[in-house]
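# Fold and geometry: a report
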Amino acid sequence: MNLALSDEQILLREAAQTALSRHRTIEAARAALEDPAALPDLWPTAVEAGWTGLLVSEDRGGAELDAFDAMLVAEECGRVLAPIPLLGVLPASAVLDRAGHAGAERVAAGDARAVYVPARPPCSLQPRWTVEPDRGMARAALPTASISGHEVTLHGAVPFVPDLPGADLLVLAAAGEDGVPVAVLLEAGADGVAIEPVTRYDATRPLGNLRLNGARGERLDVGEDALADAWYLGHALIGAESLGSVQTCLERSVEYAKERFTFGRAIGSYQSVKHELVEVLRRMENAR
């Protein structure tokens, strides 16, 4: 596989590095373990850099790039633990753009922050669409939808939605009366929508529990394939972000192995240390 970057992709990556270098995000991530309020608000940075419109067509004010380009930005965010809600906004913007909805323009311009509510497509282990459960290992059913024209009334819950707190628009899958999932656009402040912020082990990834009790949204003109693509895009972004984090960990470990001395020698000169670092490098390159 040829992973060489084009000139435009190199410029995109370097621009992301420059934008993120203005903030001490790694130090803020450490401080957020004690106080989540220590995290900087990097949404203006994302808007200024045009990341909110990466996957939105040029006709709607976006950059009309593809998933691989978005993964390059996610990797750079992962390298410095930047708390930017790309995992929520990018899949949501892709669905809105594919539906030809005007909301894609608002998201691309940074006027509204959209969040994708994850729903897993059917697979060999689970023949139905599912969401994260409140507890336990068994996946939960999608929220239900009563459809009347383009208006959809929603009931149900989706726990642990990434980047949900602070969102303006929600893009989610719901099960219609025939069981077939439909894509729905929902205002976060609509009646019947309850959002409960949740903090887990990663303070840089805000989560939220979504509860729907008669909330009314708008049906989007896309099929199951667009919802499935959003799910897989989200996983690709997580993978790219994780890859960036491992890269930084490896670089810092190598630096430490050169600077830390024991018995008069740098610890990096010992085979046991070198072999461990090479193993991290091997796994990282396999992941890439």
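Relevant structure appears above.
Calculation rules
Residues numbered from 1 in each chain as written. Predicted model: local features only at pLDDT ≥ 70, side-chain atom pairs only at ≥ 80, totals over all residues. Heavy atoms only, no water. Helix = DSSP H or I, 4+ residues; strand = E, 2+ residues; numbered from the N terminus. Contact = heavy atoms within 4.5 Å. Core = buried A, V, L, I, M, F, W, Y, C linked by side-chain atoms within 4.5 Å. Buried < 20%, exposed > 50% of the residue type's maximum accessible area, 1.4 Å probe, protein only. Salt bridge = Lys/Arg side-chain N within 4 Å of Asp/Glu carboxyl O.

### Here's the deal with the side chain of Asp 163
- As for its position among the elements, Asp 163 is in the loop between β5 (151–162) and β6 (169–175).
- The residues contacting Asp 163, other than those within four sequence positions of it, are Pro 85, Leu 86, Leu 87, Gly 88, Arg 113, Val 115, Arg 205 and Pro 206.

### Observations concerning the nonpolar core
- Ranked by internal contacts, the top residues of the largest apolar core, which has 72 residues, are Trp 51, Ile 84, Leu 154, Leu 170, Leu 186 and Leu 220.
- Here Leu 186 is in contact with Leu 154, Asp 168, Leu 169, Leu 170, Leu 172, Val 193, Leu 212, Ala 215, Arg 216 and Gly 217, once residues within four sequence places are set aside.
- Leu 243, Ala 257, Ile 267 and Met 284 belong to the second-largest nonpolar core, a separate cluster that totals 6 residues.

### Some words on the pattern of salt bridges
- Under the counting rule described, the total for this entry stands at 15 salt bridges.
- In this structure, the salt-bridge partner of Arg 205 is Glu 241, at a minimum N-O distance of 2.3 Å. Here Arg 205 is found in the loop between β8 (193–198) and β9 (207–219), whereas its partner Glu 241 is found in helix α7 (residues 224–259), with 36 residues between them in sequence.
- When its relative accessible area of 15% is taken as the criterion, Arg 205 is described as buried.
- Close ionic contact of Arg 288 with Glu 285 constitutes a salt bridge, the shortest N to O distance being 3.7 Å.
- Exposure remark for Arg 288: the relative accessible area of 35% places this residue in the partly exposed category.
- By relative accessible area, which is 41% here, Glu 285 ends up partly exposed.

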